[in-house]
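Commentary on secondary and tertiary structure
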Amino acid sequence: MQPSMLRALFGCLLIWLAGCQQTTLTLQTRVPEVRSIESLPLSVALVYDESIKNYTHEESFPEGRNWLIRVGNNQERLMTETFTALFDRLLILDNAESADGIDLTIIPKLKDFQFATPLQTGRDQFETWLQYSIELLDAEGSLLNEWPLSAYGSVTTTDTGRADRFLGLAINRALRDAMAQLLVDLPNQPEIKKSLIR
Amino acid sequence: MKNQGALLQVIGLTALLSGCVSTSFEQIREAETGIEAGERVAIIGRQNQLGYEADASMVRCLSHQTSKISVVNDSTFSDWMFPWFEPRLAPANLEELKTLLKRPAFAARLAKTKVRYLVWVESVANTEDRKGSMSCSVGIGVGFCLGFMMWENDAAYEVFIWDLEALTQAGRMRSNASGSSAILGALVPIPLIAPVERQSCNLVAKNLSKFILEEGNN
């Protein structure tokens, strides 16, 4: 093969690689210590679904950027902190089998994860949407209700050169929104209120 | 020589336009104010789930520029009071705040922050009326820009001051600054930006501390 042909092939390879940029985001969301919420006098078992423990989102955009976003782990830690602040006694179990002295079992699941960068929205905004389903089970393990929880986070910026940083911030805001709703709205669910009366 | 004269005229005109910022300020006092030693003022950008978000850099500017009183910034206060001042949950009016204060943990936490006044900030910066054009060329070892671009920009604040001790709105302020900005491409691009955000921010910051420190009616 001619050296000029080799150079041309190498050039094509470089262009192809540049067009398939992979960005991996591993999140480290911090949610403040909760000091302005009364914990509920309930014993709750918490079961983490795979979508909470190991959720990874992978998406390729037409402009040639591939995103790999690891939401799990970080999400599991945030939920443990949130539910610990919310209930007097919290047990983390591997499955929804009944445990002694438990009032309720909660199984949070991440149903959908979506995001948009300024290239998609045409605005100077990175946005993230999270859709959870919070399953509430009685002491015997029977499903009482599935509470849908939608969370949103956005960051406004004109600096699209640091897309990973701003998308990370938008996801952090969405996770923070989700935890805030768990703290404020979960105690208002009828099943929780009934458990408090019993 | 003739060309140099024309160029100087354009530069002079641009400098004149960019320096021309007009401002307005309005203040309404609804209650007496005053602050004790150790008490703080939290400055928070208004956000809601309908998509409105106060311009973050303008909220930061107000926190930095307000002097003579102890200021707590937006993110610190939201962290202290988590989750109650998140965009979806923050009290939209004093009635909602009064409802939250019925929760013992919320009331105790708020008291512990020593925040006496809550300053809600609604801020917006706009750019419009773009005129002119500029083209830049880059070659090997050389680059230049030629042309002239001009636009109007303005920055507006609306601020609501809640007294957390009296549980009333102590007052509100409104400021607006507008001006013309330009970029002159004379081989290198020369930006001449009207500092509307800074001037609007300085106006509110200067009057905010005065408003809180001074008792009586303005």
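Residues numbered from 1 in each chain as written. Chains lettered and ligands numbered in written order. Predicted model: local features only at pLDDT ≥ 70, side-chain atom pairs only at ≥ 80, totals over all residues. Heavy atoms only, no water.

As a further point, take the packing of aromatic side chains. Tallied over the entire structure, the rule returns 12 aromatic pairs over all chains. Through a chain of ring-to-ring contacts, three or more aromatic side chains come together here, namely Phe 77, Trp 84, Phe 85, Phe 106, Trp 120 and Trp 162 of chain B. Here the basic side chain of Arg 165 of chain A rests over the ring of Phe 166 of chain A, its NZ or CZ set 5.2 Å away from the ring centre. For the cation-ring pair, Arg 130 of chain B lies above Trp 151 of chain B, with the distance from its terminal atom to the ring centre recorded as 5.8 Å. (Phe/Tyr/Trp six-rings, centres within 6.5 Å; stacked < 30°, edge-to-face > 60°. Lys NZ or Arg CZ within 6 Å of the ring centre and 35° of its normal.)

Glancing now at helix H5 (residues 163–185) of chain A. The terminal C-alpha atoms of H5 of chain A lie 32 Å apart, and with 23 residues this matches the ideal 33 Å at 1.5 Å per residue to within 8%. Most of H5 of chain A is tucked away: 17 of the 23 residues are buried. (Helix = DSSP H or I, 4+ residues; strand = E, 2+ residues; numbered from the N terminus. Expected span 1.5 Å × (residues − 1). Buried < 20%, exposed > 50% of the residue type's maximum accessible area, 1.4 Å probe, protein only.)

With that settled, the discussion passes to the pattern of salt bridges. Residue and element names in this part refer to chain B. Applying the stated criterion to the full structure yields 19 salt bridges over all chains. Salt-bridge contacts for Glu 30 lead to Arg 172; the nearest nitrogen and oxygen are separated by 3.1 Å. Of the two residues, Glu 30 sits in the loop between strand S1 (21–29) and strand S2 (40–45) while Arg 172 sits in strand S6 (residues 168–192), which places them 142 residues apart along the sequence. On the basis of relative accessibility, which here comes to 29%, the residue Arg 172 falls in the partly exposed class. (Salt bridge = Lys/Arg side-chain N within 4 Å of Asp/Glu carboxyl O.)

Residues and elements named next belong to chain A. Mapped onto the elements of the fold, Leu 182 is located in helix H5. You can call Leu 182 buried: its relative accessible area is 1%. Spatially, the C-alpha atom of Leu 182 lies 8.2 Å from that of Phe 83, the residues being 99 residues apart in sequence.

Contact residues are listed per partner, giving 21 residues for chain A and 16 residues for chain B. For the pair chain A and chain B, the two sides together bury roughly 1,600 Å², of which 50% comes from carbon and sulfur. Sorting the residues of chain A by area buried against chain B places Ser 36, Glu 38 and Arg 176 of chain A first, and these three jointly supply 35% of that buried surface. In this assembly, chain A and chain B are joined by 6 salt bridges. (Contact = heavy atoms within 4.5 Å. Buried area = accessible area lost by both parts, 1.4 Å probe.)

On to the state of the cysteines. Residues and elements named next belong to chain B. Per the counting criterion, the structure on display carries 2 disulfides over all chains. Disulfide pairing is shown between Cys 61 and Cys 201; the S-S distance is 2.1 Å. Negative torsions about the S-S bond denote left-handed disulfides, and the value of about -105 degrees found for Cys 61 with Cys 201 makes this one left-handed. Here the residue Cys 61 occupies a position in helix H2 (residues 56–65), and Cys 201 occupies one in helix H6 (residues 196–213), the gap between them amounting to 140 residues. Exposure class is identical for Cys 61 and Cys 201. Each is buried. With its bonded cysteines labelled in order along the sequence, chain B shows the pairing 1-4, 2-3. (Disulfide = S-S within 2.5 Å.)

Another aspect to go through is the environment of Leu 213 of chain B. Residues and elements named next belong to chain B. Among the secondary structure elements, Leu 213 is positioned in helix H6. In sequence terms Leu 213 and Ile 190 are 23 residues apart; their C-alpha atoms lie 42 Å from each other. Residues in contact with Leu 213, not counting those within four places in the same chain, are Ile 35, Lys 68 and Ile 69.

Our next topic: the sheet that holds strand S5 (residues 87–93) of chain A. Residues and elements named next belong to chain A. The 5 strands lie next to each other as S5-S2-S6-S7-S8, forming an open sheet whose pairing is mixed. Both outer strands of the open sheet, S5 and strand S8 (143–156), are each paired with one neighbouring strand and no more. Strand after strand, the sheet turns through a mean of 30 degrees between neighbouring axes, direction not considered. Two strands pair when backbone bridges link them, and strand S7 (residues 125–137) and S8 are joined in this way by 13 bridges, in the antiparallel orientation. Within the sheet, the bridge partner assigned to Leu 136 lies in S8 and is Asn 145. Together, strand S2 (40–47), S5, strand S6 (104–116) and S7 form the strand contacts of helix H3 (residues 74–86), whose direction differs from that of S5 by roughly 145 degrees. Contacts from H5 reach S6, S7 and S8 within the one sheet, and its direction differs from that of S8 by about 145 degrees. (Pairing = 2+ DSSP bridges. Axes fitted to C-alpha atoms, helices over the stretch in contact; angles between N-to-C directions.)

Every α-helical turn comprises 3.6 residues, leaving residues that sit three or four positions apart pointing alike. Residue and element names in this part refer to chain B. Among all positions of helix H5 (residues 104–113), only Ala 105, Phe 106, Arg 109, Leu 110 and Thr 113 are buried. End-on, the buried residues of H5 take up no more than an arc of 130 degrees, which puts them together on one face. Of the residues in H5, the exposed ones pointing more than 90 degrees away from the buried face are Pro 104, Ala 111 and Lys 112. The inward-facing, buried residues of H5 abut S2, helix H3 (74–80), helix H4 (94–100) and strand S4 (115–139). Once H5 finishes, Lys 114 follows within two positions and takes phi at roughly 60 degrees, a positive value. (Arc of directions from axis to C-beta.)

As a rule of thumb, soluble globular proteins bury nonpolar side chains together. In terms of nonpolar packing, the biggest core is built from 70 residues, with Ile 69, Phe 87, Tyr 132 and Leu 186 of chain A together with Phe 77, Phe 85 and Leu 118 of chain B touching the most fellow members. One finds Val 159, Met 173, Ala 177 and Phe 211 of chain B within the second-largest nonpolar core, a separate group that totals 27 residues. (Core = buried A, V, L, I, M, F, W, Y, C linked by side-chain atoms within 4.5 Å.)

Mapped onto the elements, Arg 176 of chain A comes out in helix H5. Aside from chain neighbours lying at most four places away, what touches Arg 176 of chain A is Val 31 and Pro 32 of chain A together with Ser 78, Asp 79, Phe 82 and Glu 86 of chain B.

For the rest of this paragraph, the subject is the packing of H2 of chain B against H6 of chain B. Residue and element names in this part refer to chain B. It is at 9 Å that the axes of H2 and H6 come closest, and there the two elements cross at 45 degrees. By the angle between their axes, H2 is oblique relative to H6. Seen from above, H2 lies across H6 with right-handed handedness. Residues Ser 57, Met 58, Cys 61, Leu 62 and Gln 65 of H2 form the contact with H6, whose participating residues are Glu 197, Cys 201, Asn 202, Val 204 and Ala 205. Among the residues making up the contact of H2 with H6, the classes are represented as 6 nonpolar, 3 polar and 1 charged. (Parallel < 35°, antiparallel > 145°, perpendicular 65-115°, else oblique. Left-handed = near helix turned anticlockwise from the far one by under 90°. Nonpolar A, V, L, I, M, F, W, Y, C, P; charged D, E, K, R; others polar.)

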